[in-house]
Amino acid sequence: VNLKNTIKFYLSEATLRFQKAGIESARIDAELLMRDVAGLDGISIITKNDMTLSADQESKWQNFVMRRLNQEPISYILQKKEFYKHTFFVNPSVLIPRPETELIVEKVLDWWKSQQFTSERVHILDLGCGSGCIGLSVISEIPKALLVGVDVSQKALEVARVNAENLGLLNRSSFVEASIDEVDAKGFLKVHDDKFRIVVSNPPYIAPDDPTVDEAVKKFEPSLALFAGPTGFERIEAWLSSAVQVLHRPGICIFEVGIHQSPRVKEVFQSHKIFHKIEVLKDLSGIERFVIGYT
Ligand SMILES: C[S@@+](CC[C@H](N)C(=O)[O-])C[C@H]1O[C@@H](n2cnc3c(N)ncnc32)[C@H](O)[C@@H]1O
């Protein structure tokens with residue numbers, strides 16, 4: 001056996017190169033890429049590491065390694081990302097779903113279970129749905145629930161539709177291509193002639209001059225998904241104005257916000273006067289990450 005052709009060899013070589021390139025999760029990344037290339041699970045990668053790659057596999061491997069060395073996120077290379085209970089298809093037209101955003105799903109489901117309308121066909125609105133990860137995760141847990149996902153990016157909506165189909169949720173989902181800033185909020189009601197019990201949103205909330213944004217994020221993720229106007233609050237405020245026009249009562253509205261944004265966003269929630277309770281929820285790193293209003 002030519003040792004230079006084994007999985008073991010490729011893995012240790014790539015790990016070293018990743019480490020030299022400053023990639024923190026070097027070994028894990030190499031293994032994740034190899035699983036996909038060799039079609040093996042995490043254990044077989046180790047137990048069958050004297051296996052060799054075919055010529056096709058080897059060229060795919062070289063391509064993956066080069067892309068990772070260029071700082072491309074692993075999720076774009078593998079075109080998938082785990083979120084809540086499912087694997088979502090992703091490509092560079094959508095934000096890579098973040099683990100903290102899963103809390104939106106959990107919070108909504110907790111609220112829904114605490115309500116008495118379990119037999120109702122609940123309507124859910126996901127503003128800036130991107131890959132569809134939030135809204136699709138919610139309706140996958142609520143029988144008969146209907147999702148309306150809105151996004152200005154047609155390419156993002158194509159990704160959301162693929163995910164709806166993969167999860168068997170296409171018949172309970174509709175996707176609307178519109179700018180939430182410009183569209184008359186009542187336009188959402190024409191899609192479903194009912195109000196929404198649940199409105200979720202992870203809007204773009206970064207100010208363009210924010211120095212804390214990771215270089216790889218800026219380089220690879222869609223700027224449309226990341227950046228709001230000059231202050232960072234523009235999308236949140238405009239979208240909340242739309243949300244309050246279509247919220248049912250009782251209902252819940254959750255927005256994800258950026259670091260330090262929660263006090264001002266809470267005030268904007270208060271200014272709408274339709275919420276009887278407003279909460280701020282921290283993410284697992286202790287950052288005030290979500291503002292929640294209950295009608
Ligand atoms: C932060 S991403 C969130 C994606 C997904 N909901 C998630 O949590 O992973 C924001 C999304 O808003 C969309 N977007 C940006 N500006 C918009 C606008 N004016 N109207 C509608 N959608 C917009 C982007 O295309 C992007 O998909």
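Residues numbered from 1 in each chain as written. Predicted model: local features only at pLDDT ≥ 70, side-chain atom pairs only at ≥ 80, totals over all residues. Heavy atoms only, no water.

Enquirer: Where do I start with the site of the ligand in this structure?
Expert: Near the ligand, the surroundings consist of 21 residues, among which Asp151, Ile180, Asp181, Asn202 and Ala225 are the closest. Here Val152 contributes a backbone N or O atom positioned 3.2 Å from a nitrogen atom of the ligand. Ile180 has a polar backbone atom sitting 2.9 Å from a nitrogen atom of the ligand. Relative to its unbound accessible area of 600 Å², the ligand is 96% covered by the protein chains. (Near = heavy atom within 4 Å. Polar contact = N/O pair within 3.5 Å; in protein donor to acceptor, adjacent residues only side chain to side chain. Areas by Shrake-Rupley, 256 points an atom, 1.4 Å probe, with all protein chains shown as cover.)

Enquirer: Hey, could you run me through the packing of aromatic side chains in this one?
Expert: Geometry of an aromatic ring pair is reported as the spacing of the ring centres plus the angle between the planes. With the rule as written, the count across this model stands at 5 aromatic pairs. For the pair Phe9 and Tyr10, a centre-to-centre distance of 6.0 Å together with 65° between the ring planes defines the contact as edge-to-face. Connected via pairs of aromatic rings, a cluster forms that spans Phe9, Tyr10 and Trp61. If you follow Lys277 out to its NZ or CZ, it ends over the ring of Tyr294, 4.8 Å from the centre. (Phe/Tyr/Trp six-rings, centres within 6.5 Å; stacked < 30°, edge-to-face > 60°. Lys NZ or Arg CZ within 6 Å of the ring centre and 35° of its normal.)

Enquirer: Which parts of the structure should I look at to understand unusual backbone geometry?
Expert: Peptide bonds are mostly trans, and most non-glycine residues show a negative phi. For the bond from Arg249 to Pro250, the omega torsion is 0°, close enough to zero to count as cis. Position of Pro250 among the secondary structure elements: in strand β7 (residues 247–256). The phi torsion at Lys144 lies on the positive side, around 70°, for a residue other than glycine. Structurally, Lys144 is set in the loop between α7 (133–141) and β4 (146–151). Looking at Lys144, the relative accessible area reads 43%, which means it is partly exposed. (Helix = DSSP H or I, 4+ residues; strand = E, 2+ residues; numbered from the N terminus. Buried < 20%, exposed > 50% of the residue type's maximum accessible area, 1.4 Å probe, protein only.)

Enquirer: When you look at the nonpolar core in this model, what are you seeing that I'm missing?
Expert: Soluble globular proteins tend to bury their nonpolar side chains together. Within the largest apolar cluster, 33 residues are counted, with the highest numbers of intra-cluster contacts made by Leu136, Ile142, Phe175 and Ile198. For this core, the secondary-structure elements that each account for two or more residues are α6 (102–114), α7, α8 (154–166), β6 (196–201), β7 and β9 (288–294). In this view, Leu136 contacts Phe88, Ser131, Leu147, Ala160, Asn163, Ala164, Leu167, Leu169, Ser173 and Phe175; residues no more than four positions away in its chain are not counted. (Core = buried A, V, L, I, M, F, W, Y, C linked by side-chain atoms within 4.5 Å. Contact = heavy atoms within 4.5 Å.)

Enquirer: What is the right way to look at the sheet that holds β7 in this model?
Expert: Remark on secondary structure: sheet strands pair via backbone hydrogen bonds, oriented parallel or antiparallel. Strand order across the open sheet formed by 7 strands is β5-β4-β3-β6-β7-β9-β8, with mixed pairing between neighbours. Each edge of the open sheet is held by one strand with a lone partner, namely β5 (173–177) and β8 (277–282). Along the sheet, successive strands turn relative to each other by an average axial angle of 15°, direction set aside. Note that β7 and β9 share 5 bridges and pair antiparallel. From the neighbouring strand, Phe255 faces β9, where its bridge partner is Val291. Contacting β3 (123–127), β6 and β7, helix α12 (residues 234–246) runs over the sheet at an angle of about 165° to β7. Running at roughly 10° to β9, helix α13 (residues 262–271) makes contact with β7, β8 and β9 of the sheet. (Pairing = 2+ DSSP bridges. Axes fitted to C-alpha atoms, helices over the stretch in contact; angles between N-to-C directions.)

Enquirer: Explain the pairing of β9 to me, please; I cannot follow it from the model alone.
Expert: Here is the key point about a regular strand: its side chains alternate between the two faces of the sheet. The buried fraction of β9 is high, at 6 of 7 residues. Pairing geometry for β8 and β9, over 6 bridges, is antiparallel. From the neighbouring strand, Lys282 faces β9, where its bridge partner is Glu288.

Enquirer: Hey, could you run me through the state of the cysteines in this one?
Expert: Here, disulfide denotes a covalent bond that connects the sulfur atoms of two cysteines. Tallied over the entire structure, the rule returns 0 disulfides. With no disulfide partner, Cys129 has as its closest neighbouring cysteine sulfur the one in Cys133, 9.0 Å distant. In this model Cys253 remains outside any disulfide bridge; the closest cysteine sulfur is found in Cys129, 16 Å from its own. (Disulfide = S-S within 2.5 Å.)

Enquirer: Sorry if this is basic, but what is going on with the side chain of Arg172 here?
Expert: Among the structural elements, Arg172 can be located in the loop between α8 and β5. Lacking a salt bridge, the buried Arg172 has Glu141 as its closest oppositely charged neighbour, with an N-O distance of 9.2 Å. Within the structure, Arg172 has its side chain in polar contact with the backbone oxygen of Ile139 (distance 3.1 Å). Not counting chain neighbours up to four residues away, the residues in contact with Arg172 comprise Ile139, Ile142, Pro143, Lys144, Ala145, Leu146 and Leu147. (Lys, Arg positive; Asp, Glu negative; His and termini not counted. Salt bridge = Lys/Arg side-chain N within 4 Å of Asp/Glu carboxyl O.)

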